[in-house]
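Observations on the model geometry
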Amino acid sequence: MALIEELNQQGNFLFRWRSYIPGLVLALSFYYLPFVPFLNGNYKHNLYWLGFAFLISFLGLAVRCFTIGYTPARTSGRNTKQQVADLVNQTGIYSLVRHPLYVGNFLMYLGPVLIVRDIAFTLVYVMFFYLYYERIIFTEEFFLRGKFANDYLAWADKTPAFIPRLSGYVKPDLAFSFKNILKREYPSLFGIIVVFTILDLVQIYFQEPYIRIGNFAGIWKPFHTYFFGFGALFYVVTRTLVKTTKVLDVEGR
């Protein structure tokens, strides 16, 4: 098999499982976290760091939301079985970077990695992400080049693949759709909230000695009630609207 076909085959495999395999990064974060002391030995200081890491993940979600808010149907989707594209997005954030959803994913997973506060682990994550998504991007671009030919190549020649350029923004033709964001990204927000809640609970359990003598209820703090409670309520309400009504349906999205 020629190398180009081999890379495409690998990319197709990773594309199908792209929503699950990066979970290995989260698993490693959970594995190392019991050995990570509170920042400055203080839970309050550690909570500030947790908040910073959460903002990094939330920034990644914001990038995804901004992307999806302007995209039409059958583009920028969560499809896993095969490549789907009715057109080449060249406006909005796609006028600045070719793969904005993967930029968002990188930041979303970077948040939990930063909680470990280990430079080596962070670098391993960056390399893992690069090698993993490089294959997926190759496969997507191989498909788009074959389907759209010169239209795709002209856009790709002037638009970076992953690191956004800071000029040349082209206003989208479609209006921004908040409904489309809610319909497609509500699991991502809830996922971030669940992950950060569990990460904090794990660290409390291993860093606060009195927990180890049986006071398990002590690891759950008022902060967790409000943080997780909001996420759970948001998820249940939004999922109910998506599954039982057409309130969030938008024509052409």
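The name an unreviewed UniProt entry assigns to the protein is Lipid A Kdo2 1-phosphate O-methyltransferase, from the organism Leptospira kobayashii. Check the Subcellular location (unreviewed entry) section of the UniProt entry for the protein; it says "Endomembrane system".

1. So, the pattern of salt bridges
Counted according to the given criterion, the structure contains four salt bridges. Its salt-bridge partner being R98, residue E141 comes within 2.8 Å of it at the nearest N-O pair. In this pair, E141 sits in helix α5 (residues 119-148) while R98 sits in the loop between α3 (43-70) and α4 (100-115), placing the two residues 43 residues apart along the sequence. The class for E141 is buried, based on a relative accessible area of 17%. Note that D249 is salt-bridged to K183, the shortest N-O span being 2.8 Å. With D249 in the segment after α8 (222-244) and K183 in helix α7 (residues 178-207), this residue pair connects regions lying 66 residues apart in the sequence. Residue class for D249 comes out partly exposed when judged on its relative accessible area of 36%.

2. Regarding the nonpolar core
By size, the foremost hydrophobic cluster in this structure holds 55 residues, and its most contacted members are L110, I115, Y125, I136, Y152 and F196. Secondary structure elements with two or more residues in this core: α1 (3-16), α2 (23-32), α3, α4, α5, α6 (150-158), α7 and α8. Per-element accounting of this core gives the leading share, eleven residues, to α4. Discounting residues that sit within four places of it in the chain, Y125 has contacts with V25, N105, F106, Y109, L110 and V113. In terms of nonpolar packing, the next biggest core, distinct from the first, is built from five residues, F38, Y43, L201 and I219 among them.

The rules behind these values
Residues numbered from 1 in each chain as written. Predicted model: local features only at pLDDT ≥ 70, side-chain atom pairs only at ≥ 80, totals over all residues. Heavy atoms only, no water. UniProt positions renumbered as here; feature names shortened; annotations may be inferred. Salt bridge = Lys/Arg side-chain N within 4 Å of Asp/Glu carboxyl O. Helix = DSSP H or I, 4+ residues; strand = E, 2+ residues; numbered from the N terminus. Buried < 20%, exposed > 50% of the residue type's maximum accessible area, 1.4 Å probe, protein only. Core = buried A, V, L, I, M, F, W, Y, C linked by side-chain atoms within 4.5 Å. Contact = heavy atoms within 4.5 Å.

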